[in-house]
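Examining the three-dimensional arrangement
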Amino acid sequence: MTTNPKYIFVTGGVSSSLGKGIIAASLAKLLQSQGYRATIQKLDPYINIDPGTLNPYEHGECYVTDDGAETDLDLGHYERFLNVPTSQANNVTTGRIYQSVIDKERRGEFLGKTVQVIPHITDEIKRRIQILGNSGDYDIVITEIGGTVGDIESLPYIEAVRQLEWDLGEHNTCVIHLTLVPYLSAAGELKTKPTQHSVKTLMESGVQADILVCRTEHKLNDSLKTKLARFCNVKKEAVIESIDASTIYDVPNLMLEEGLDKVVLNQLNLKSSVPDLTRWNEFLKRHKNPKSEVTIGLIGKYVELQDSYKSILEAFIHAGAENEVKVNVEPIHSEYLSESNIEFKLGHLDGVLVAPGFGERGIEGKIDAVRYVREHNIPFLGICLGMQMAVIEYSRNVLNLPKANSVEMDEQTPDPVINLMASQKGVVNKGGTMRLGTWDCKLDTESIAYKVYNSELITERHRHRFELNNDYKAKLEETGMKATGFNPETGLVEIVEIPANDWFVGVQYHPEYKSTVKSPHPLFVAFVGAALKYSKKK
Ligand code: GLN
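So, here is what we can say about the structure in this document. Note that this is a predicted model, so its numbers are computed, not measured.

What counts and what doesn't
Residues numbered from 1 in each chain as written. Predicted model: local features only at pLDDT ≥ 70, side-chain atom pairs only at ≥ 80, totals over all residues. Heavy atoms only, no water. Near = heavy atom within 4 Å. Areas by Shrake-Rupley, 256 points an atom, 1.4 Å probe, with all protein chains shown as cover. 1 Å grid on protein atoms, 1.4 Å probe; cavity = no way out; pocket = protein on both sides within 12 Å on 5 of 7 lines; lining within 4 Å. Sits in = over half its atoms within 2 Å of the grid points. Helix = DSSP H or I, 4+ residues; strand = E, 2+ residues; numbered from the N terminus. Pairing = 2+ DSSP bridges. Axes fitted to C-alpha atoms, helices over the stretch in contact; angles between N-to-C directions. Phe/Tyr/Trp six-rings, centres within 6.5 Å; stacked < 30°, edge-to-face > 60°. Buried < 20%, exposed > 50% of the residue type's maximum accessible area, 1.4 Å probe, protein only. Parallel < 35°, antiparallel > 145°, perpendicular 65-115°, else oblique. Left-handed = near helix turned anticlockwise from the far one by under 90°. Contact = heavy atoms within 4.5 Å. Points joined across faces, edges and corners; volume = space filled by probe spheres on them. Nonpolar A, V, L, I, M, F, W, Y, C, P; charged D, E, K, R; others polar. Expected span 1.5 Å × (residues − 1).

The next thing to look at is the site of the ligand. Around the ligand sit Pro356, Gly357, Phe358, Cys384, Leu385, Gln388, Glu408, Arg463, His464, Arg465, Phe466 and His510, and those are all the residues in its vicinity. Protein contact buries 99% of the 300 Å² of open area that the ligand shows by itself. Placement of the ligand is best described as lying within the largest cavity. Elements that contribute at least two residues to the shell around the ligand include exactly α15 (385–397) and β19 (457–464).

The next subject is the sheet that holds strand β18 (residues 435–443). Each strand in a sheet pairs with its neighbour through backbone hydrogen bonds, running either in the same direction (parallel) or in the opposite one (antiparallel). Spatial ordering of the open sheet is given by β13-β12-β14-β15-β23-β22-β21-β18-β19, a layout of nine strands whose pairing is mixed. The open sheet terminates on both sides in strands that have one partner only, identified here as β13 (325–333) and β19. In this sheet, neighbouring strand axes are inclined to one another by 25° on average, regardless of whether the strands run parallel or antiparallel. Sheet topology places strand β22 (residues 493–497) next to strand β23 (residues 504–507); three bridges connect them, and they run antiparallel. Counterpart to glutamate 497 in the pairing with β23 is valine 505.

All right, on to the environment of proline 520 then. The topology assignment puts proline 520 in the loop between β23 and α18 (522–537). The spacing of proline 520 and glycine 320 is 200 residues in sequence and 9.1 Å in space, taken between C-alpha atoms.

Take the packing of aromatic side chains next. Within the structure shown, the criterion is met by twelve aromatic pairs. Seen in terms of ring centroids, phenylalanine 81 and tryptophan 280 are 5.0 Å apart; in terms of plane orientation they differ by 50°. Their pairing is tilted. Of this pair, phenylalanine 81 sits in helix α3 (residues 74–82) while tryptophan 280 sits in helix α11 (residues 278–288); the two residues are 199 residues apart in sequence, bridging distant segments of the chain. Residue classification places tryptophan 280 among the buried positions, given a relative accessible area of 4%. Look at tyrosine 249 and tryptophan 280: their rings are 5.9 Å apart centre to centre, the planes differ by 55°, and that puts the pair in the tilted class. Highlighted residues: tyrosine 249 in the loop between β11 (239–243) and α9 (251–258) and tryptophan 280 in helix α11, separated in sequence by 31 residues. The burial state of tyrosine 249 is the same as that of tryptophan 280; both residues are buried. Linked through ring pairs, Phe81, Tyr249, Trp280 and Phe283 together constitute an aromatic cluster.

The subject of this paragraph is the pairing of strand β17 (residues 416–420). Judged from the two bridges that link them, strand β16 (residues 405–406) and β17 form a sheet pairing that is parallel. Paired with serine 406 across the bridge in β17 is isoleucine 418. Judged from the three bridges that link them, β17 and strand β20 (residues 466–468) form a sheet pairing that is antiparallel. Looking across to β20, one finds that leucine 420 is bridged to phenylalanine 466.

The subject of this paragraph is the packing of helix α12 (residues 310–323) against α18. Interhelical geometry of α12 versus α18 gives an angle of 65° and a closest axis separation of 8 Å. In this view, α12 runs roughly perpendicular relative to α18, as classed from their interaxial angle. Crossing handedness for the pair α12 and α18: right-handed. Counted together, Ile312, Ala315, Phe316, Ala319, Gly320, Glu322 and Asn323 of α12 and Phe524, Val525, Phe527, Val528 and Gly529 of α18 form the full contact between these two elements.

Attention now moves to the layout of surface pockets. Looking at the second largest pocket, its volume works out to about 640 Å³. Its residues placed into classes, the lining of the second largest pocket shows 14 nonpolar, nine polar and six charged.

Moving on, we get to helix α5 (residues 117–134). Compared with an ideal rise of 1.5 Å per residue, which puts 18 residues at 26 Å, α5 spans 24 Å between its outermost C-alpha atoms and is within 8% of the ideal. Regarding α5, the residues found buried are His120, Ile121, Thr122, Glu124, Ile125, Lys126, Arg128, Ile129, Gln130, Leu132 and Gly133. On its buried face, α5 sits against β1 (6–12), β2 (38–44), β5 (91–93), α4 (94–106), β6 (140–145) and α6 (155–168). Looking one or two residues past α5, glycine 136 carries a phi angle of roughly 85°, positive in sign.

With that out of the way, let us pick up empty space enclosed by the protein. Applying the stated rule across the entire model yields two cavities of 30 Å³ or more. Space inside the largest cavity adds up to approximately 60 Å³. Every residue lining the largest cavity is listed: Gly357, Phe358, Cys384, Leu385, Gln388, Glu408, Arg463, His464, Arg465 and Phe466. Elements represented by at least two residues in the lining of the largest cavity include exactly α15 and β19. Partitioned by chemical class, the residues of the lining of the largest cavity number four nonpolar, three polar and three charged. Roughly 30 Å³ of volume is contained in the second largest cavity. Lining the second largest cavity we find Thr39, Ile40, Tyr78, Leu82, Val84, Pro85 and Thr86. Of all the secondary-structure elements, those providing two or more residues to the lining of the second largest cavity are β2 and α3.

With their axes 8 Å apart at the nearest point, α11 and α12 run at an angle of 85° to one another. When the interaxial angle is binned, α11 and α12 end up roughly perpendicular. Along the contact surface, α11 presents Phe283, Arg286 and His287, while α12 presents Ile317, His318, Ala321 and Glu322. Across the contact of α11 with α12, the residue classes tally to three nonpolar, two polar and two charged.

Okay, here's the thing in structure tokens:
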């Protein structure tokens, strides 16, 4: 434990997509495993207030926290690695910083002063960085600065880091610069020049990197580390190799081998000890030594982009390890699914997950997929829009309401089995206005869900505007689709099941956001278990 919080900054150089989030999460894991209370924060230099309004093609999945913040997907990694919930304070964008400063200006709180990037924007950045540290809940705050040094938009953040290092004094801060050491196959060599340049760029803003984490496809030899240390003003032991790993869950161990935690703790004047990674390594062992295999179809409209369904893919990894099963996730584009190719695309699967989503594109394929798995008794998990598609499919093909739809897709539908929530009527702004974050759900004790959770009252995270129209509930239940979970205050249906099938569950909430290495989500664990059972029976 420390008396005052310490701050670690992670910057990126040379290229984007080097995996700052994974390095930050791995370091936090190593610190947590030595008894430090660590948290991670992501600063995103774009102007959007949050990523909630961003298309997944732009920025991958939007991750939702308990307090209903729509955030960067890196927060998902933080939670999955640390098993500690994050909140709005863990993700701040330039838009949010400017919005607070401008609101303050309108309230007259700057007392007639000219409002400027320095000091007003940088002060607001510094305040946001210290919110988590000042909460008293953490010994160490790791702040990941999005973007690459040298970008115009990240300049105020780097300046805030420079000032904070000065304000907080020696041994209270540490700057880790994540960089790329490319391999030139024509020369047969790893090249240090891009790293030298990006460290210089950082220095032009007055920030000296204390530690270099070098992403590389080949091992860095001793002389290369010496060279990097010499040119970049860091100690040799602070040149950390980060070689490509077969799974992100190997990175904490790789960083431990390289001594990243030791160099960091030394810089912060904190004691280091041997991290206790027993649980983590048990998970890794199960993950890497599966006893059997299942193939699960992930039906969505962004499947060509891995990041769009990040939390779902990770939840399958956790649930696979728990079941000692390798889960092969087969991405299936719903736009190209139709009755004529459905057997070919889904016939061999052991389970099908219909993904969350918005808008009309690709929904008919999702509905066809639900029909196929329902009629063939293939284990099914529908998440959010996926659950809504299950209700529409059932209404069309079992209740004989051929035009049943969600009003999201067809405002004029004669059978709006999925309707806009009353609380959403009149909502005009798109950003941050959905039903978001944690809500209660009460379970029917005669249900798969109850067996899975082993509790009557659960809480899960949400992100939606539409809901099952309760006017159709009785009809659905009479014919065999049961509502087995609902919000106790509003009666909003949270879960539907088809008891005649072996494992058919649709949930209005997002279980994937709460799955971690330490606590794999029970619904994913049960779904993978059902897929395994099905594959054996097949
Ligand atoms: N578009 C649907 C709604 O808003 C589903 C949202 C989702 O899948 N996250 O209700």
